[in-house]
Each structure stands twice: as structure tokens, then as C-alpha cells.
Amino acid sequence: MPPEQNALGGDLEPCSEDPTTGYLRDGCCRDVDGDPGRHELCAVMTEEFLQYSKAQGNDLITPRPEFEFPGLEPGDHWCLCIDRWVEAKEADVAPPVVLEATNESVLDTVLFSTLLEHEYEE
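Scoring rules and cut-offs
- Numbering of residues starts from 1 in each chain and follows the order in which that chain's sequence is written.
- For this predicted model, a pLDDT threshold of at least 70 governs which residues receive local features, and a threshold of 80 or more governs which side-chain atom pairs are given and counted, while totals over whole chains, interfaces and linings are taken from all residues.
- The basis for every side-chain value is the complete set of non-hydrogen atoms in the structure, without hydrogens or water.
- A run of H or I in DSSP counts as a helix once it spans at least four residues, and a run of E counts as a strand once it spans at least two, with each numbered from the N terminus.
- Here, two residues are considered to be in contact whenever any of their heavy atoms come within 4.5 Å of each other.
- A simple rule labels every residue: compare its accessible area, found with a 1.4 Å probe on the protein chains alone, to the largest value its type can have, and call it buried under 20%, exposed over 50%, or partly exposed in between.
- The directions from the helix axis to the C-beta atoms form the arc being described.
- Inter-axis angles, ranging from 0 to 180 degrees, are taken between N-to-C directions of lines fitted to C-alpha atoms, where helices are fitted over the stretch in contact.
- Angle categories: roughly parallel below 35 degrees, roughly antiparallel above 145, roughly perpendicular from 65 to 115, and oblique for all the rest.
- The sense of a crossing depends on the near helix, which, turned anticlockwise from the far helix by less than a right angle, makes the crossing left-handed and, turned clockwise, makes it right-handed.
- Any residue that is not Ala, Val, Leu, Ile, Met, Phe, Trp, Tyr, Cys, Pro, Asp, Glu, Lys or Arg is counted as polar, Gly included; the first ten are nonpolar and the last four charged.
- Only centres within 6.5 Å qualify two rings of Phe, Tyr or Trp (six-membered ring in Trp) as a pair; their planes then separate them into stacked at under 30 degrees, edge-to-face at over 60, and tilted for everything else.

Undergrad: Is there a simple way to think about the environment of proline 95 in this case?
TA: In this structure, proline 95 sits in the loop between α2 (82–90) and α3 (112–117). C-alpha separation for the pair proline 95 and tyrosine 120, spaced 25 residues apart in sequence, amounts to 8.5 Å. Residues within four places of proline 95 in sequence aside, it is in contact with Ala43, Val44, Met45, Phe49, Leu80 and Trp85.

Undergrad: Would you explain helix α1 (residues 47–55) in this entry?
TA: The α-helix winds at 3.6 residues per turn, so residues separated by three or four positions along the chain end up facing the same way. Taken together, the buried positions of α1 are Phe49, Leu50, Tyr52 and Ser53. Buried residues of α1, seen end-on, are gathered within an arc of 160° and therefore sit on one face of the element. Contacts made by the buried residues of α1 are with β2 (77–81) and α2. Trailing α1 by a residue or two, glycine 57 shows a phi angle of about 100°, which is positive.

Undergrad: Teacher, can you tell me more about the side chain of threonine 21 here?
TA: You can see threonine 21 is positioned in the segment before β1 (39–44). With relative accessibility at 0%, the residue threonine 21 sits in the buried group. If sequence neighbours within four positions are ignored, threonine 21 has contacts with Cys15, Ser16, Asp26, Gly27, Cys28, His77, Trp78 and Cys79.

Undergrad: Even after reading the chapter, I still don't get the packing of α1 against α2, so can you show me in this structure?
TA: The angle between the axes and the distance between the axes are what describe a pair of packed helices. For the pair α1 and α2, interaxial distance at closest approach is 11 Å and the crossing angle is 110°. Taken as axis vectors, α1 and α2 run roughly perpendicular relative to one another. The interaxial crossing formed by α1 with α2 has right-handed handedness. Judged by residue contacts, Phe49, Tyr52 and Ser53 of α1 engage Arg84, Glu87 and Ala88 from α2. Within the contact of α1 with α2, the residues separate by chemical class into 3 nonpolar, 1 polar and 2 charged.

Undergrad: I keep staring at the packing of aromatic side chains and nothing clicks. Help me out?
TA: To describe a pair of aromatic rings, you give the distance between the ring centres and the angle between the ring planes. A full pass over the atoms with the stated rule returns 1 aromatic pair. Between phenylalanine 69 and tryptophan 78, the ring centres sit 5.5 Å apart and the planes meet at 70°, which makes this aromatic pair edge-to-face. Assessed through its relative accessible area of 10%, phenylalanine 69 is described here as buried. Classification of tryptophan 78 as buried rests on a relative accessible area of 6%.

See below:
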């Protein structure tokens, strides 16, 4: 099985291992059958996005040890659900995207030019 590709056409790079992200909690934003949320987009958390997500009913800030979830802080990298990122973009609070760690499968929902406009720059 060939390695998964990123939005730039290269091998998919890890998004984060601290905190460990991804639907499979292996650090990568993989395209996984059975993942209804499609956690395929690697984003860098911002305070603005975290507050927006919490207001939408998805609290990514509060630690949930029972799910081995440490809670996120601004600057953390995390595999987001594509639809949540699109909603945040429409609300002008989309967090920056790490293209090397974003799965190419995202391109069936989000234009590459849109991802480029939101590309994370260290």
C-alpha cells in the first residue's frame, strides 16, 4: 500500500505527536474509512478558532482524560474535521493549514487555492 499523499502531492507528513492527533491517534491526518468527521486537515490552533469551536459545541480546550485528550492550546497542531474548518472559514476564524500534513483527500471538499490562502507559515 503506497503512503498517503498530502495536499501538495508529496508523502503525508505527521501533523502532531504532542499532542497526538489523527483519527487513529498516530499523529497523521489520514483518510480513514469509518471516520464520519474526516479528520484529514492539519491546522494550527488559534485562540479565536478554539473559542469558535467551543461555541459551536465542540470544546477542544478542556482536557478529557477519559478519552486521552489533553485539551488544546493556541499553537498546537491538530487534525480537524473538514466541515468544521469550512464552517470556521465562512465565519472568518479558520486556523492556518499545514499543507504537508493535510491529506490530499481534503481537495475533494476544499479548493487548493483556498488552502494556500490559509497556509501556515512558521
